[in-house]
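Structural description and commentary
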Amino acid sequence: MTGAPTGAPTGLTVLVPCFNEGAQVEVAYRELTAELAAIEDLEILFVDDGSTDDSLARIRALAETDPRVRYLSFTRNFGIEAVMAAGFRHAGQPWTVQCDADLQVPPSQIWRLLDGAAGGHYDVVFGRRVRRRDPLVRRLGSAGMHWAARAVFRIEMPRGASTFRLVRTPVARTIMDLRLPWFMAAVPLVGARHTLVEVSHRERDAGRSKLRLARLAGHSFELFFGFSWRPLNVVYLLAALGLVAAALGLPGAHLLVPAVTLAAVAVVGRYVHRLAPPRPAYYVREANVPLRPEDTLFQGAPTPPPPLRPSAAPGGR
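Before going into details, it helps to say that this report is about the structure given with it. (Residues numbered from 1 in each chain as written. Predicted model: local features only at pLDDT ≥ 70, side-chain atom pairs only at ≥ 80, totals over all residues. Heavy atoms only, no water.)

A word on the pairing of strand β3 (residues 69-74)
Taken across its 6 residues, β3 has 6 buried, putting it largely inside the fold. Because side chains alternate across β3, one face comprises the buried residues Val-69, Tyr-71 and Ser-73, and the other comprises Arg-70, Leu-72 and Phe-74, equally buried. Alignment of strand β2 (residues 42-48) against β3, held across 5 bridges, turns out to be parallel. Across the sheet, residue Leu-45 finds its bridge partner in β3, namely Arg-70. Handedness of the β2-helix α2 (residues 55-65)-β3 crossover: right-handed. Where β3 and strand β8 (residues 284-287) come together, 3 bridges link them in antiparallel fashion. The partner of Phe-74 across the bridge, within β8, is Val-284. (Buried < 20%, exposed > 50% of the residue type's maximum accessible area, 1.4 Å probe, protein only. Helix = DSSP H or I, 4+ residues; strand = E, 2+ residues; numbered from the N terminus. Pairing = 2+ DSSP bridges. Right-handed = clockwise from strand over helix to strand, strands pointing away.)

Put into structure tokens, the structure is as follows:
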């Protein structure tokens, strides 16, 4: 039994990030299209993040039989932020829902997001997972990161928000064009109206999570340094204390000052990195959607074959 409301909503892109998903590609396609059959203008947009298995071949086969399936395939693995940038940029419908290929949040829960946006008051509807079914270490790491972001670094973030979310596509493009490292922290930063709805969560049926603790730690630093000046303010304070300790000749001051200096160099370097000219978020190797020239390695123009040796040319000797 589907959770579809009465009437046939129109205009939805389902953005499905993929990285080495294999047979899960067809599983996601079948469940999504069955659940969302009532939607008149439905688009399933797979973004292949440089998979090294047969994910792209499976996506391509689906696109050949179903015109609702569109896809982009990156030249290498660029990460989830690049997937979102490309997905929101090329989404063809006015609303986009982000749904992982593992379907740990069942497709039926998309209707809960749509219901949350039905009144037209919100630009983003986040899903908040009830009884999250991920490993304990990952849940603790994620909870700790969100707590530190709010309590220590004073970053405004929707409490309990996940990557399962529904967004007005133009709003998503505006946010991604800012090239900020965290979408859910950028939503309140730009003043987009948002809310949360509770959604169910289930065990992973196939494959393994692509998010490891090391990558989670890296994402945490991107969040803390990308949206808060507090680390830099702490360095200022430590530097001042170190100078005072050195001036007073306190014991250990000769060790404190070099330590503060090294910390300052590291932290300042992180902020200087933010000012560097941004590199392209991704490059697309193959797609069945119109691309901008800058989206590809080839600047949008097909390259002719290289010149042949005279002896190898047709009719050559």
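Let us keep going from here.
Description of the pattern of salt bridges
By the definition in use, this model includes 11 salt bridges. Arg-70 serves as the salt-bridge partner of Glu-43, at 2.3 Å between the closest nitrogen and oxygen. Here Arg-70 lies in strand β3 and Glu-43 lies in strand β2, a separation of 27 residues in the sequence. Each member of the pair, Glu-43 together with Arg-70, is buried. Across the pair Arg-58 and Asp-54 runs a salt bridge, and its minimum N-O distance is 2.9 Å. Judged by its relative accessible area of 34%, Asp-54 is partly exposed. (Salt bridge = Lys/Arg side-chain N within 4 Å of Asp/Glu carboxyl O.)

Let's talk about the nonpolar core
In terms of nonpolar packing, the biggest core is built from 40 residues, with Phe-74, Ile-155, Phe-183, Leu-223 and Phe-224 touching the most fellow members. Broken down by secondary-structure element, the contributors of at least two residues to this core are β2, β3, α3 (80-90), β5 (124-130), α5 (136-152), α6 (169-177), α7 (183-190) and α8 (213-227). Discounting residues that sit within four places of it in the chain, Leu-223 has contacts with Met-145, Ala-149, Ile-155, Met-157, Trp-182 and Ala-185. Formed by 35 residues, the second largest nonpolar core is a distinct cluster that contains Ala-28, Val-105, Leu-114 and Leu-166. (Core = buried A, V, L, I, M, F, W, Y, C linked by side-chain atoms within 4.5 Å. Contact = heavy atoms within 4.5 Å.)

Quick notes on the pairing of strand β4 (residues 95-98)
Along any regular strand the residues' side chains alternate between the sheet's two faces. In β4, alternate side chains face the same way, and those of Trp-95 and Val-97 on one face and Thr-96 and Gln-98 on the other are all buried. Bridge analysis of strand β1 (residues 12-18) against β4 gives 4 bridges, and the strand direction is parallel. Counterpart to Thr-13 in the pairing with β4 is Thr-96. By the bridge criterion, 4 bridges tie β4 to strand β6 (residues 165-168) in an arrangement that is antiparallel. Its bridge partner lying in β6, Val-97 is registered against Leu-166.

Looking at the packing of α6 against α7
Orientation of α6 relative to α7, taken along the N-to-C sense of each, is 105°, at an axis distance of 10 Å. Taken together, α6 and α7 sit at an angle that is classed as roughly perpendicular. For the pair α6 and α7, the contacting residues are Ala-172, Ile-175 and Met-176 in the first and Phe-183, Ala-186, Val-187 and Val-190 in the second. Looking at the contact of α6 with α7 residue by residue, the classes come out as 7 nonpolar, no polar and no charged. (Axes fitted to C-alpha atoms, helices over the stretch in contact; angles between N-to-C directions. Parallel < 35°, antiparallel > 145°, perpendicular 65-115°, else oblique. Nonpolar A, V, L, I, M, F, W, Y, C, P; charged D, E, K, R; others polar.)

Some thoughts on the sheet that holds β2
Strand order in the open sheet formed by 8 strands is β7-β5-β6-β4-β1-β2-β3-β8, with mixed pairing between adjacent strands. In the strand order of this sheet, the two ends are held by β7 (194-200) and β8, each with one partner. The average undirected angle you get between the axes of adjacent strands in this sheet is 20°. Of the pairings in the sheet, the one linking β1 to β2 comprises 7 bridges and is parallel in character.

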